[in-house]
Amino acid sequence: MSRRSLTLLIASVGVIAALAIAVLVPVPYVILGPGPTLNTLGKNSSGQPIIIIEGHPTYPTLGHLNMVTVGYQGGPGATVNIFSALAAWLNPHEAVVPESELFAPGQTQQQAQQQDTQQMTSSQEDATAAALTELHIPYQTLVVVGQTQPGFPAAGVLKAGDVITAVDGHPVTGVSSLTALISAHPAGSTLTLTIVRGGQTQAVQVGTKEVAGRPVMGVQVYEQYKFPFTVRFSVGDIGGPSAGMMFALGIIDKLTPTNLTGGKFIAGTGEIEASGKVDPIGGIQQKMVGARNAGATVFLAPAANCSDVKGAIPAGLEVVKVGTLSQAVSDLEALKAGQPVPSC
């Protein structure tokens, strides 16, 4: 074999090996792209309403209030090679982000799915609470024990599932009020907690100790709501927390005779708190593309995401800046009336 032929053979083997490595060896990135959208005022692919309200009068709706999603390639249980990542990087409608930004180290596919499902469930609860708060419909907020921390006063006294209703006779109306009632006493104090365990009300004594300059019991709690009527959701296997604002708007539209959309195709995104505060989300550029492709002409975006929106708004889409649920309702009323609204 001539020297030239040998050189070409070695080079070819090297190229083939490099290509094989590029194809077979995964890179630690995730590709984000536009995902499906669902009209919260409409029905899913099975003909089931996205939002189902039972036990309270509802009203006919018009138009669209679409929740939007992001599809992704990669992550736990999946791989992305360098060619796919480069192709996505060149696509203006996709984004390539480090896997570590979206998933915890060592997280399995099942754990990721469970997290998405839990976030979706929480967002639906918060959306219902936010909608009822906006409509001045009373409901009850329960503070529930998730777990206690070993070595802290609450361990062995409080149990998972306990509902904390009062501290030293003062009612607990939420996590913030529980924190304030605990903080009103110096570390080392013993407090009387009224709890509901197994349907029975009882009083327990729990001490506190100082951590980072504040008194703590060593208990993790979360809020659970008791609503005066039933609100259910049917969104299939979609997960994550970012549809909260659109769920809340859909609930408000169904519970009130005033049509929020004016017949327009409106989409949007944003996590929602029970107070009505709208929090930022990820993947907003891909969500705007998905919304526009579905037919939306107006997009409600969290105010904190405005810096991510600039320069990436699809043609024909008006992006409205929203900080609270009340503001979103006011903006929709203004759009119906042809009045100006704040934009990113």
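Residues numbered from 1 in each chain as written. Predicted model: local features only at pLDDT ≥ 70, side-chain atom pairs only at ≥ 80, totals over all residues. Heavy atoms only, no water.

Draft legend 1. Examining the nonpolar core more closely. In this structure, Met67, Met245, Phe247, Leu249, Ile251, Leu300 and Leu332 are the most contacted members of the largest nonpolar core, which totals 42 residues. Elements supplying a minimum of two residues to this core: β2 (51-54), β3 (64-73), α3 (109-134), β13 (230-233), α5 (244-255), β17 (298-302), β18 (318-322) and α8 (325-336). No other element matches α5, which puts eight residues into this core. For Met67, the contacting residues outside a window of four places in its chain are Pro36, Thr37, Leu38, Thr40, Met120, Val235, Ile238, Ala243, Met246, Phe247 and Gly268. With 17 residues, the next largest nonpolar core counts Leu193, Val204, Met217 and Val219 among its residues. (Core = buried A, V, L, I, M, F, W, Y, C linked by side-chain atoms within 4.5 Å. Buried < 20%, exposed > 50% of the residue type's maximum accessible area, 1.4 Å probe, protein only. Helix = DSSP H or I, 4+ residues; strand = E, 2+ residues; numbered from the N terminus. Contact = heavy atoms within 4.5 Å.)

Draft legend 2. How the structure looks around the packing of α5 against α8. At a minimum axis separation of 11 Å, α5 and α8 run at an interaxial angle of 60°. As summarised for this structure, α5 and α8 are arranged oblique, according to the angle between their axes. As α5 runs across α8, the sense of the crossing is right-handed. Across the interface between the two elements, Met245, Ala248, Leu249 and Ile252 from α5 touch Leu325, Ala328, Val329 and Leu332 from α8. Tallied by class, residues from the contact of α5 with α8 come to eight nonpolar, no polar and no charged. (Axes fitted to C-alpha atoms, helices over the stretch in contact; angles between N-to-C directions. Parallel < 35°, antiparallel > 145°, perpendicular 65-115°, else oblique. Left-handed = near helix turned anticlockwise from the far one by under 90°. Nonpolar A, V, L, I, M, F, W, Y, C, P; charged D, E, K, R; others polar.)

Draft legend 3. Inspection of the state of the cysteines at higher detail. Summed over all chains, the structure comprises one disulfide. A sulfur-sulfur distance of 2.0 Å marks the disulfide that ties Cys306 to Cys344. Measuring the twist about the S-S bond at about -60°, one finds the Cys306-Cys344 disulfide to be left-handed. Here Cys306, found in helix α7 (residues 306-309), pairs with Cys344, found in the segment after α8; they are 38 residues apart in sequence, far enough to count as distant. For Cys344, a relative accessible area of 23% corresponds to the partly exposed category. (Disulfide = S-S within 2.5 Å.)

Draft legend 4. Molecular detail of the pairing of β17. Among the five residues of β17, five are classified as buried, and the element is accordingly described as predominantly covered. In β17, alternate side chains face the same way, and those of Val298, Leu300 and Pro302 on one face and Phe299 and Ala301 on the other are all buried. Looking at chain direction, strand β14 (residues 265-268) and β17 are connected through three bridges and run parallel. Paired with Ala267 across the strands is Phe299, a residue of β17. (Pairing = 2+ DSSP bridges.)

Draft legend 5. Here's a closer look at the packing of α3 against α8. Across the interface, α3 lies against α8 with an axial gap of 10 Å and an inter-helix angle of 65°. Classified by the angle their axes make, α3 and α8 are roughly perpendicular. In this structure, the crossing between α3 and α8 has a hand that is right-handed. Contacts between α3 and α8 involve Ala130, Ala131 and Glu134 from the former and Leu325, Ser326 and Val329 from the latter. Among the residues forming the contact of α3 with α8, the class breakdown is four nonpolar, one polar and one charged.

Draft legend 6. The pattern of salt bridges, seen in detail. The tally for this structure, following the rule as stated, stands at four salt bridges. Notably, a salt bridge pairs Arg232 with Glu54, separated by 2.9 Å at the nearest N-O pair. Here the residue Arg232 occupies a position in strand β13, and Glu54 occupies one in strand β2, the gap between them amounting to 178 residues. The exposure class assigned to Glu54 is partly exposed, which follows from its relative accessible area of 37%. The partner of Asp162 in a salt bridge is Arg197, and the shortest N-O contact between them spans 2.8 Å. Of this pair, Asp162 sits in the loop between β5 (140-148) and β6 (163-167) while Arg197 sits in strand β8 (residues 190-197), and the two are 35 residues apart along the sequence. (Salt bridge = Lys/Arg side-chain N within 4 Å of Asp/Glu carboxyl O.)

Draft legend 7. The arrangement of the sheet that holds strand β4 (residues 95-98) in detail. As summarised here, the arrangement of the six strands in space is β4-β1-β3-β14-β17-β18, forming an open sheet in which the pairing is mixed. Among the strands making up the open sheet, the edge pair consists of β4 and β18. Adjacent strand axes in the sheet meet at a mean angle of 35°, parallel and antiparallel pairs treated alike. Across seven bridges, strand β1 (residues 29-39) lies against β3 in antiparallel orientation. Note on β3: the bridge partner recorded for Asn39 is Asn66.

Draft legend 8. Structural view of α8. Its 12 residues give α8 an end-to-end C-alpha distance of 17 Å, which sits within 8% of 16 Å, the value for a rise of 1.5 Å per residue. The set of residues buried in α8 consists of Leu325, Ala328, Val329, Asp331, Leu332, Ala334 and Leu335. Backbone geometry just downstream of α8 places Gly338 in the positive-phi region, at approximately 75°. (Expected span 1.5 Å × (residues − 1).)

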